[in-house]
Amino acid sequence: FSGELHILNSNFTGSTQSALFANIYQRDLLEINGAFVAAYGTSSVTVIGSIFENGRGTHGGCIALFGSSELSISASEFIRCAAMLGGAIYSSAFG
């Protein structure tokens, strides 16, 4: 998406399949940019009091930021998230 997103007191749960986790590192998956959130351009993402669990992707297991997108996180958890680049969160650039 491109714009402003506020995630408040939410739960996101992805796949727990071990085969999916293994394939991330074998580069067999199609490119997945943030299993739950992918922000582009000048987007702004705010996450408060939320849980992200079992996110898997090539760029950010849970959240991926591209361009000059901004991210603010407070009182949130990232559990068992994995990616080829970025672990739970990936950012293409830092401002």
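What you are looking at is a predicted structure, and each value in this text was computed from that prediction instead of being measured. (Residues numbered from 1 in each chain as written. Predicted model: local features only at pLDDT ≥ 70, side-chain atom pairs only at ≥ 80, totals over all residues. Heavy atoms only, no water.)

A word on the overall build of the protein chain
The condition that has to hold: To qualify as a helix, a DSSP run of H or I must reach at least 4 residues; to qualify as a strand, a run of E must reach at least 2; elements of each kind are numbered from the N terminus. Each residue is placed in one exposure class: buried if its accessible area under a 1.4 Å probe, protein chains only, is under 20% of its type's maximum, exposed if it is over 50%, and partly exposed if it falls in between. Two residues qualify as a contact provided that any one of their heavy atoms is within 4.5 Å of a heavy atom in the partner residue. For accessible areas, the Shrake-Rupley method is used with a probe of radius 1.4 Å. Any residue's cover is judged against the shown protein chains and nothing else.
Along the backbone of the protein chain there are one helix and 11 strands. When its helices and strands are written in sequence order, the protein chain yields β-β-α-β-β-β-β-β-β-β-β-β. For the protein chain, the residues scored as buried account for 35% of the 95 residues in total. For the protein chain, the proportion of contacts with a sequence separation of at least 24, taken over those separated by at least 6, is 83%. Accessible surface, the protein chain as shown: approximately 5200 Å² in total, 53% of it carbon and sulfur.

Examining the pattern of salt bridges
Defined as follows: Criterion for a salt bridge: a side-chain nitrogen of Lys or Arg within 4 Å of a carboxyl oxygen of Asp or Glu.
Throughout the structure, instances matching the rule amount to one salt bridge. The salt bridge partner of Glu 53 is Arg 80, with a shortest N-O separation of 2.3 Å. Within this pair, whereas Glu 53 is found in strand β5 (residues 51-53), its partner Arg 80 is found in the loop between β9 (77-79) and β10 (82-85), the two being separated by 27 residues in sequence.

Here's the deal with the sheet that holds strand β2 (residues 11-13)
For the record, the criterion: Paired strands, in this sense, are two strands between which DSSP finds at least two bridges. Axis lines are fitted through C-alpha atoms, for helices just across the contact stretch, and the angle between N-to-C directions can take any value from 0 to 180 degrees.
Overall, parallel pairing links the three strands, which are arranged β2-β5-β9 in an open sheet. The two strands at the open ends of the sheet, each matched to only one other strand, are β2 and β9. Each neighbouring strand pair of the sheet contributes to a mean axis angle of 5°, computed without reference to strand direction. As paired elements, β5 and β9 share three bridges and run parallel to each other. When the sheet's bridge partners are listed, Glu 53 is paired in β9 with Ile 79.

With respect to the side chain of Asn 33
Basically, it comes down to this: Here a polar contact is taken to be a pair of N or O atoms separated by no more than 3.5 Å, where protein atoms must pair a possible hydrogen donor with a possible acceptor and residues adjacent in sequence count only if both atoms sit in side chains.
One can find Asn 33 in the loop between α1 (18-26) and β3 (37-39). In terms of polar contacts, Asn 33 uses its side chain to reach the side chain of His 59, at 3.1 Å.

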